[in-house]
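# Geometric and topological summary
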Amino acid sequence: TLVKQNNEMIEFLEPRIGNWFYRKAVGAMANNDKIMASELLNKALVYQPFNVMANYELAKISLDSGKIVSTTNRLTNIISKMQPDEEEKLLCQNLIAFAYDMNLLKSMSLMNQGKYAYAVDILSELNDFCQVDIYGICNKSVVKKNLVFCKTGIYKDHVEISKKAMSIGRADVAGEFVQNT
């Protein structure tokens, strides 16, 4: 009957829909359309929530957005709950290490440029990652030392600006900076 044929068709197609969305997402990424890729990957996960490579690609997109904690959480979830093969597991572990290294280097570059507030944002993300790092990638003492250095730099910048404001008779500006320090 027609109903039986339709049910058989649905049973045949449904397990393949997730892979179809994943392949379309890979094409979108090849065209550098990360928004479309993200949408397609999320659709793939509706049908196959444990699709390792769809989750991995979403982790890469998340990392490109600077979200190290959500990236590493997704990658750790892949490794611990989705039974990836050895190659997939290695991809995830390498991306976790890369995410940490890339963000640490980026924060250090910002520190060297005197952009302490931007560095603090990245280092705070790294510090959160360090709290849940099960791979021993994170060097907690370096992250904490750099956070302290940046916060001290921000404080010194505020003091310097306050002094300059006072020297030109702008006590109101100096007061604002003192309150926000």
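Below, the structure is looked at part by part. The structure presented is a predicted model; accordingly, all values stated were derived computationally and were not measured.

Here we come to the overall build of the protein. Along its length, the protein carries eight helices and zero strands. Listing the helices and strands of the protein from first to last along the sequence gives α-α-α-α-α-α-α-α. Computed over its C-alpha atoms, the radius of gyration of the protein comes to 23 Å, more than 25% above the 16 Å expected for a compact globule of 181 residues. A total of 181 residues make up the protein; the buried ones form 34% of that total. Residue pairs in contact within the protein that sit at least 24 positions apart in sequence constitute 51% of those at least 6 positions apart. Per element, the accessible surface of the protein, about 11500 Å² overall, is 56% carbon and sulfur. Side chains of the protein carry 21 positive and 20 negative charges; the gap between the two charge centres is 4 Å.

For the rest of this paragraph, the subject is the nonpolar core. Among the nonpolar cores identified, the biggest contains 30 residues, and Leu75, Ile78, Tyr100, Leu123, Leu126, Val143 and Cys150 are the most heavily contacted of them. Elements with a contribution of two residues or more to this core: α3 (52–64), α4 (68–81), α5 (86–112), α6 (116–132) and α7 (140–167). Excluding its chain neighbours within four sequence positions, the residues that come into contact with Val143 are Tyr100, Leu123, Leu126, Asn127, Cys130 and Cys138. Listed in part, the twelve residues of the second largest apolar core include Phe21, Tyr22, Ala28 and Leu45.

Here the structure, examined in full by the defined rule, presents three salt bridges. The partner of Asp172 in a salt bridge is Arg170, and the shortest N-O contact between them spans 2.9 Å. Residue class for Arg170 comes out partly exposed when judged on its relative accessible area of 38%.

If you check α4, its first and last C-alpha atoms are 19 Å apart, about what 14 residues at 1.5 Å a residue would give, namely 20 Å. Residues Ile68, Val69, Thr71, Thr72, Leu75, Ile78 and Ile79 constitute the buried set of α4. Against α3, α5 and α6 lie the buried residues of α4. In the segment just after α4, Gln83 is the residue with positive phi, at about 50 degrees.

With that settled, the discussion passes to the environment of Ile17. Mapped onto the secondary structure, Ile17 falls in helix α1 (residues 2–30). Residue classification places Ile17 among the partly exposed positions, given a relative accessible area of 26%. Along the backbone, Ile17 and Lys115 are 98 residues apart, and their C-alpha atoms lie at a distance of 46 Å.

Glancing now at the state of the cysteines. Defined simply, a disulfide is a covalent bond joining two cysteines at their sulfur atoms. Tallied over the entire structure, the rule returns one disulfide. Here Cys130 connects covalently by a disulfide to Cys138, the sulfurs 1.5 Å from one another. Free cysteine Cys150: the closest other cysteine sulfur is in Cys130, separated by 14 Å. Owing to a relative accessible area of 0%, Cys150 belongs among the buried residues under this scheme.

Moving on to the packing of α4 against α5. Packing of α4 against α5 brings their axes to within 9 Å, and their N-to-C directions diverge by 160 degrees. Comparing their axes, α5 and α4 come out roughly antiparallel. Once α4 is placed against α5, the crossing between them reads as left-handed. Here Ile68, Thr72, Leu75, Thr76, Ile78 and Ile79 of α4 come into contact with α5, specifically with Lys89, Cys92, Gln93, Leu95, Ile96, Ala99, Tyr100 and Asn103.

The rules behind each value
The numbering scheme is per chain: residues are counted from 1 as the chain's sequence reads. Local features in this predicted model are restricted to residues of pLDDT 70 or higher, and side-chain atom pairs are both shown and tallied only at a pLDDT of 80 or more, whereas totals for entire chains, interfaces and linings draw on every residue. The side-chain values count all of the structure's non-hydrogen atoms but skip hydrogen atoms and water molecules. Secondary structure elements are taken from DSSP: a helix is a run of H or I of four residues or more, a strand is a run of E of two residues or more, and numbering for both begins at the N terminus. It is over C-alpha atoms that the radius of gyration is taken, and the globule rule equals 2.2 Å times the number of residues to the power 0.38. Each residue is assigned to one of three classes by its accessible area relative to the maximum for its type, calculated with a 1.4 Å probe on protein chains only: buried under 20%, partly exposed between the two thresholds, exposed over 50%. Contact criterion: two residues are considered in contact whenever any of their non-hydrogen atoms come within 4.5 Å of each other. Note on areas: Shrake-Rupley, 1.4 Å probe, and residue coverage restricted to the protein chains presented here. Working convention for charge: Lys and Arg count positive, Asp and Glu count negative, and His plus the chain ends are omitted. By convention, the point assigned to a charge is CZ for Arg, NZ for Lys, CD for Glu and CG for Asp. Buried residues of nine kinds, namely Ala, Val, Leu, Ile, Met, Phe, Trp, Tyr and Cys, make up a nonpolar core once their side-chain atoms join them within 4.5 Å. Here, a salt bridge means any Lys or Arg side-chain nitrogen found within 4 Å of an Asp or Glu carboxyl oxygen. Given the number of residues in a helix, its expected span is that number minus one, multiplied by 1.5 Å. The term disulfide is used for any two cysteine sulfur atoms that are within 2.5 Å. Between N-to-C directions, angles cover 0 to 180 degrees, with each direction set by a line fitted to C-alpha atoms, over the stretch in contact for helices. Put simply, angles under 35 degrees are roughly parallel, angles over 145 are roughly antiparallel, angles from 65 to 115 are roughly perpendicular, and the rest are oblique. Crossings are sorted by hand: turned counterclockwise from the far helix by less than a right angle, the near helix makes the crossing left-handed, and turned clockwise it makes it right-handed.

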